[in-house]
Amino acid sequence: MPANYKIRSIRKKSFPGVTAPVSCSLDAILKFDSAESPFCVYSELVALRLAQTLHIPVASGVLTVTGSGEAYASLELGAPGLRLPDLLSPQYVTAASHYAEEAAALVVFDIFIGNWDRGSNIKATFVTPHLPIFQGFDHEHGLLGVESDPMKSIEKLGRQELIVQHHPFYGHVSWKLVAKWVERISKTDDAMIRECCELKRPLRTVTIDMQRNLAEALCKRKLHLSQLISNNMMKIKSWP
Amino acid sequence: MALSLRFHVVQYVDDPVLAEGRNVAVLAYYGGRGHYRALGMDGYRLISSHFKSLSPKARDSVWVYREWAEWFRSLANVREVEQFDKAIARLAAHNSGLVATSEGVVELTEGYGDVSGALDYLFKRLVRLPKITPALEFEDQLEATFNQTEILYGGNFLDEPVEVEMVAENDRKTVITLEFSHLFTAEFARQFVTDVPIGFNTLVLQGSTAKSLDRQIARNITIFKNAVLTGFLQPDRCVLLCGRIEEKHREMLAQLSGIATVMDVFDQSTPSKIRKLVWPHS
């Protein structure tokens, strides 16, 4: 489902070419590493790379540099002037039925990366039939952010723990669709996962070794994903 | 004993740099559920013109405001006060264009009656209703008409302008501009729905000068004539939707006779006429 991102400005400057390209700027939310979330930038970037590889509906973003170093810019959806609201808890059921495929994908992905803080971090449209939007955002509590210590996060991901104890779509997703996304993730080539996690250079405080260890933990986790999710079927699947 | 009602005013911030807000909604939690009053919301109906009239930028993002209207409705289903407070905190912290301002408290005395009465009072005092131009009133009615026909939900209805380039028999290329259209039906629905395209254009009668009306009518005549000439539309599938036809308009609109079907969106029979065009067999 391709999404529209917010254009802040279209500049007069145009570039040569038959498509008449022009310069513009998009709206984005800048995210930084902080004491509370020391690996936010890396986790956001890698979660996006994994999601794009697996075709999980999450908001796009880019790595950028500010005065305090590298930051993650999460691109904003919507029209100029007004942003879509974040999902409210009474909307979870509607979202899961309106976007059944996407909701199942997001549940499995969140379990895969250990993102225990999905909460309301979803933008979706319900009354705009010609513009279906469903996108998750905010992944700083997944991957290296599962625990405050990154080594513990890696260990936990590799230990095949569910991690995600609560999720807006638990109890609302079809088991068949969940199985489909589990299969997709578990069949993903290890090399693809490594390419998503290993940036071939340190990113802020995240060393090359930490990146390699995370990749290894995720490669292990995907193999056991089916078992892990089956063990928690009662919690995850919807009941008629 | 007087009870207190905590409420939050929601502002629409058009320009984040200027950070000047316009009050658009009042939210409160009371009696185990959320309550709201929001600009343009009348029960399950949203009168889009109220939000559109705030600014040109608001006009462009009215579809997002419709999603916010859904959000306000869902807020009424929030049962836990913690969930309500969390939603308000996100509204205050995230610069989403709609921002929750600081909390206020009113006493629910006999004067206000119940929560509903207090919210009505607060909304009236805090949210200024915009002046609605005839053009915006027409747009509201147009939206309501399309909603009633239900063609909005068909998947092959385009509620945005389209340009179709067609070639007539004389090899001349013609661009047909339609404001709304019902194009090419999905295969499975062919037996129930016409697969002949329908083109809709609009004409705002109220608030327009005679000169402007003449120009708009001439333009529509050209568009619909070309649409038929190129074979893109059939004459009975050319529809001009206009607002409140008065006696003084009749002569002007007579020019469209045989070229397009003129329908008044304020006429109660218009939705069923459109439905018959789309679903002739139903």
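Procedures and definitions
- Residues numbered from 1 in each chain as written.
- Chains lettered and ligands numbered in written order.
- Predicted model: local features only at pLDDT ≥ 70, side-chain atom pairs only at ≥ 80, totals over all residues.
- Heavy atoms only, no water.
- Patch = residues over 30% accessible without salt bridge, like charges linked within 9 Å, V, L, I, M, F, W, Y side chains within 5 Å.
- Areas by Shrake-Rupley, 256 points an atom, 1.4 Å probe, with all protein chains shown as cover.
- Salt bridge = Lys/Arg side-chain N within 4 Å of Asp/Glu carboxyl O.
- Helix = DSSP H or I, 4+ residues; strand = E, 2+ residues; numbered from the N terminus.
- Domains from an automatic or database assignment.
- Contact = heavy atoms within 4.5 Å.
- Buried area = accessible area lost by both parts, 1.4 Å probe.
- Pairing = 2+ DSSP bridges.
- Axes fitted to C-alpha atoms, helices over the stretch in contact; angles between N-to-C directions.
- Phe/Tyr/Trp six-rings, centres within 6.5 Å; stacked < 30°, edge-to-face > 60°.
- Buried < 20%, exposed > 50% of the residue type's maximum accessible area, 1.4 Å probe, protein only.
- Lys NZ or Arg CZ within 6 Å of the ring centre and 35° of its normal.
- Core = buried A, V, L, I, M, F, W, Y, C linked by side-chain atoms within 4.5 Å.
- pLDDT = per-residue confidence, 0-100.

Peer 1: Which residues make up a nonpolar patch on the surface, and what values go with them?
Peer 2: On the surface, a nonpolar cluster with roughly 350 Å² of combined accessible area is contributed by A:Ile7, A:Ile10, A:Val22 and A:Leu26. Here A:Leu26 is to be found in strand S2 (residues 22-26).

Peer 1: Tell me about the domain arrangement of chain B, residues and numbers included.
Peer 2: All names here are of chain B. Considered domain by domain, chain B is made up of domain 1 (4-126) and domain 2 (134-278). Averaged C-alpha coordinates put domain 1 and domain 2 at centres separated by 36 Å. Across the contact, 8 residues belong to domain 1 and 4 residues belong to domain 2. With both chains or domains summed, domain 1 and domain 2 bury close to 570 Å², and 36% of this area falls on carbon and sulfur atoms.

Peer 1: Describe the sheet that holds strand S10 (residues 180-182) of chain B, listing the residues and the values that go with them.
Peer 2: All names here are of chain B. If you walk across this open sheet you meet the 5 strands as S7-S10-S11-S12-S13, and the pairing is mixed. Either end of the sheet is taken by a strand with one partner, and the two such strands are strand S7 (157-158) and strand S13 (261-264). Relative to strand S11 (residues 198-203), S10 runs antiparallel, the two sharing 3 bridges. Bridge pairing links phenylalanine 180 to phenylalanine 200 in S11. Running at roughly 175° to S11, helix H7 (residues 210-229) makes contact with S11 and strand S12 (238-242) of the sheet. Against the sheet, helix H9 (residues 270-278) contacts S10, S11, S12 and S13, and its axis sits at roughly 140° relative to S13.

Peer 1: Outline the packing of aromatic side chains, listing residues and values.
Peer 2: One pair of aromatic rings is described through two measures. These are the centre distance and the angle between the planes. Tallying each qualifying case throughout the model produces 13 aromatic pairs over all chains. Ring geometry for B:Phe51 and B:Tyr65: centres 4.2 Å apart, planes at 0°, overall stacked. Highlighted residues: B:Phe51 in helix H1 (residues 48-52) and B:Tyr65 in helix H3 (residues 62-75), separated in sequence by 14 residues. With respect to burial, B:Phe51 and B:Tyr65 carry one shared label: buried. Through successive ring pairs, a cluster of aromatic residues spans A:Tyr92, A:Tyr99, A:Phe126, A:Phe134 and A:Phe169. When the ring centre of B:Phe266 is taken as reference, the NZ or CZ atom of B:Arg244 above it lies at 3.9 Å.

Peer 1: Which residues make up the nonpolar core, and what values go with them?
Peer 2: Core analysis: the largest hydrophobic core is formed by 64 residues, its most contacted members being A:Leu50, A:Ile111 and A:Phe169. Ignoring any residue separated from it by four or fewer positions in sequence, one finds A:Leu50 in contact with A:Phe109, A:Phe112, A:Ile113, A:Leu143, A:Ile193, A:Cys196 and A:Leu218. Counting residues in each nonpolar core, the second largest holds 50 residues, with A:Leu84, B:Ala69, B:Ala76 and B:Ala100 among its members.

Peer 1: Tell me about the pattern of salt bridges, residues and numbers included.
Peer 2: Residue and element names in this part refer to chain A. Under the counting rule described, the total for this entry stands at 28 salt bridges over all chains. Note that aspartate 33 is salt-bridged to arginine 204, the shortest N-O span being 3.0 Å. With aspartate 33 in the loop between strand S3 (28-31) and helix H1 (40-54) and arginine 204 in the loop between helix H6 (190-197) and helix H7 (208-223), this residue pair connects regions lying 171 residues apart in the sequence. Residue arginine 204 is classed as partly exposed on the basis of its relative accessible area of 34%. Of the charged contacts, one joins glutamate 147 and lysine 156 as a salt bridge, the two residues approaching to 2.7 Å between their closest N and O atoms. For glutamate 147, a relative accessible area of 27% puts it in the partly exposed group. Taking relative accessible area as the criterion, lysine 156 reaches 18% and is therefore assigned buried.

Peer 1: Explain the confidence of the model for chain B to me, and be specific about the residues and the numbers.
Peer 2: All names here are of chain B. In the predicted model, chain B carries a mean pLDDT of 85, and the fraction of residues at 70 or more is 92%. Within the model, pLDDT remains below 50 along residues 186-193, and this stretch shows 11 contacts once partners closer than five positions in the same chain are excluded. As a predicted assembly, this complex carries a pTM of 0.82 together with an ipTM value of 0.87.

Peer 1: Describe the sheet that holds strand S4 (residues 61-66) of chain A, listing the residues and the values that go with them.
Peer 2: All names here are of chain A. The 3 strands are arranged S3-S5-S4 in an open sheet whose pairing can be described as antiparallel. Of all the strands in the sheet, the pair left with one neighbour each is S3 and S4. With strand direction ignored, the average angle separating the axes of adjacent strands in the sheet is 35°. Sheet topology places S3 next to strand S5 (residues 69-75); 4 bridges connect them, and they run antiparallel. Looking across to S5, one finds that leucine 30 is bridged to alanine 73. Each of S3, S4 and S5 touches H1; the most contacted strand, S5, lies at about 45° to it.

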